[in-house]
Amino acid sequence: MIKKLKIKEYKSGRTGITRLILGGMHGREHEVIKKVLVILKPNPPEGRIIIVPNVNIFGGRYVSMINEDYIKSSAGKLYLSILERYKPDVVVELHVFNSKSYKNLVSSDRIYKKGVPNLVPYRSDLPIEDQILHGGPPPFVKEKFKEHASYITLEIHEKYGKKAEKTLIFILNSVINSNSVIEIRKKLKERYQKSMSEAGRLLQNYVSKDFIKQ
Ligand SMILES: [Zn+2]
């Protein structure tokens, strides 16, 4: 099945970390994501970059990544096989939100309702079309990616503005051009200190406890 997938690999020719960028996890998200991905010119200084622009090649009904059923779905199995094959040091998951889903994604009781922390905007002062939301790994890989910024879940608005695009490109280029998780985190902290601290705190809580859904 993995043969049918479009996978782009950018090698530096030097040893180093593997960064995996995944898009199109759900429905038609890939149509939005691809408009941003074409802007990138990946040229890693060390290691390699793997980009899979459309993971959900099966289509089908929406299964949330945080739902236990996700890993049992075809898309979920494919997702795990990609992780198994490339053994990434850093994963970036790209998703698309809309004005309706925004509130649930950012509200602090998400940890109790869904078992995962709320996402945090890099810039909460902007209109939501210009925000990029970020968070950590889904539940089934949280043991593998405990380090803040080793697994970055990102959400962009379906009708995103110029500022959102700029932010997303900055985040992706920070991942592409850094040679360690520490370097990625440092670059993101320099620009989004408050937001990074908040997301780091939420992640720490999340990986150290098992939250019971209410
Ligand atoms: Zn999604």
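Draft legend 1. View of the overall build of the chain. On a plain count of helices and strands, the chain comes out with 7 helices and 7 strands. Going from N to C terminus, the chain has its helices and strands arranged as β-β-α-β-α-β-α-α-β-β-β-α-α-α. Taking 214 residues into account, the globule formula puts the C-alpha radius of gyration at 17 Å, and the chain, at 16 Å, falls close to it. For the chain, the proportion of its 214 residues judged to be buried stands at 51%. For the chain, the share of sequence-separated contacts (at least 6 apart) that also reach a separation of at least 24 residues comes to 77%. Distance from the positive charge centre (39 side chains) to the negative charge centre (22 side chains) of the chain: 3 Å.

Draft legend 2. Quick look at the sheet that holds strand β2 (residues 18-22). Strand order in this open sheet of 7 strands is β1-β3-β2-β4-β7-β6-β5, and the pairing throughout is mixed. Looking at strand neighbours, the two that pair on one side only are β1 (8-11) and β5 (120-121), the edges of this open sheet. By the bridge criterion, 4 bridges tie β2 to strand β4 (residues 90-97) in an arrangement that is parallel. By the bridge assignment, R19 is partnered in β4 with V90. On the sheet, helix α2 (residues 74-86) packs against β1, β2, β3 (48-52), β4 and β7 (151-157) and is oriented at approximately 165 degrees with respect to β2.

Draft legend 3. Local environment of the coordination of the zinc ion. At the metal site, the zinc ion is ligated by H26 (ND1), E29 (OE), E29 (OE) and H95 (ND1), and these contacts range over 2.0 to 2.7 Å. Taken together, the 4 donor atoms surrounding the zinc ion define angles of 52 to 126 degrees at the centre, an arrangement classified as irregular. Along the chain, the residues donating to the zinc ion are arranged with the sequence spacing H-x2-E-x65-H. Taken together, the residues H26 in the loop between β2 and α1 (29-37) and H95 in strand β4 connect sequence positions 69 residues apart. Comparing H26 with H95 shows no difference in burial state: the two are buried.

Draft legend 4. Highlighting the pattern of salt bridges. Enumeration over the complete set of coordinates arrives at 12 salt bridges. Between R123 and D125 there is a salt bridge, with its nearest N and O atoms 2.8 Å apart.

Draft legend 5. How the structure looks around helix α6 (residues 181-191). Looking only at α6, the buried set comprises V181, I184, R185 and L188. The arc enclosing the buried residues of α6, seen along the axis, measures out at 95 degrees, which places them on a common side. Exposed and facing more than 90 degrees away from the buried side of α6 are I182, K186 and E190. Next to the buried residues of α6 lie β4, β7, α5 (162-177) and α7 (193-208).

Draft legend 6. Main features of the nonpolar core. Ranked by size, the top nonpolar core spans 32 residues in total, and within it I21, L94, Y122, L154, I156 and L172 carry the most contacts. Within the residue set of this core, elements represented by two or more residues are α1, β3, β4, β7, α5 and α6. Tallying contributions element by element places α5 first for this core, with 7 residues. Setting aside residues no more than four positions away along its own chain, I21 makes contact with L37, I49, I50, I51, V52, V92, L94, L172 and I176.

Draft legend 7. Spatial organisation of the packing of α5 against α6. At a closest axis distance of 8 Å, the pairing of α5 and α6 adopts a crossing angle of 150 degrees. One finds that α5 runs roughly antiparallel with respect to α6. As α5 packs across α6, the resulting crossing turns out to be right-handed. On α6, the residues that touch F170, I171, S174, V175 and N177 of α5 are E183, I184, K187, L188 and R191.

Cut-offs applied
- Residues numbered from 1 in each chain as written.
- Predicted model: local features only at pLDDT ≥ 70, side-chain atom pairs only at ≥ 80, totals over all residues.
- Heavy atoms only, no water.
- Helix = DSSP H or I, 4+ residues; strand = E, 2+ residues; numbered from the N terminus.
- Rg over C-alpha atoms; globule rule 2.2 N^0.38 Å.
- Buried < 20%, exposed > 50% of the residue type's maximum accessible area, 1.4 Å probe, protein only.
- Contact = heavy atoms within 4.5 Å.
- Lys, Arg positive; Asp, Glu negative; His and termini not counted.
- Charge placed at Lys NZ, Arg CZ, Asp CG, Glu CD.
- Pairing = 2+ DSSP bridges.
- Axes fitted to C-alpha atoms, helices over the stretch in contact; angles between N-to-C directions.
- Donors = N, O, S within 2.8 Å, 3.2 Å for Na, K, Ca; no water.
- Tetrahedral: all angles 85-135°; square planar, octahedral: opposite > 155°, others 65-115°.
- Salt bridge = Lys/Arg side-chain N within 4 Å of Asp/Glu carboxyl O.
- Arc of directions from axis to C-beta.
- Core = buried A, V, L, I, M, F, W, Y, C linked by side-chain atoms within 4.5 Å.
- Parallel < 35°, antiparallel > 145°, perpendicular 65-115°, else oblique.
- Left-handed = near helix turned anticlockwise from the far one by under 90°.

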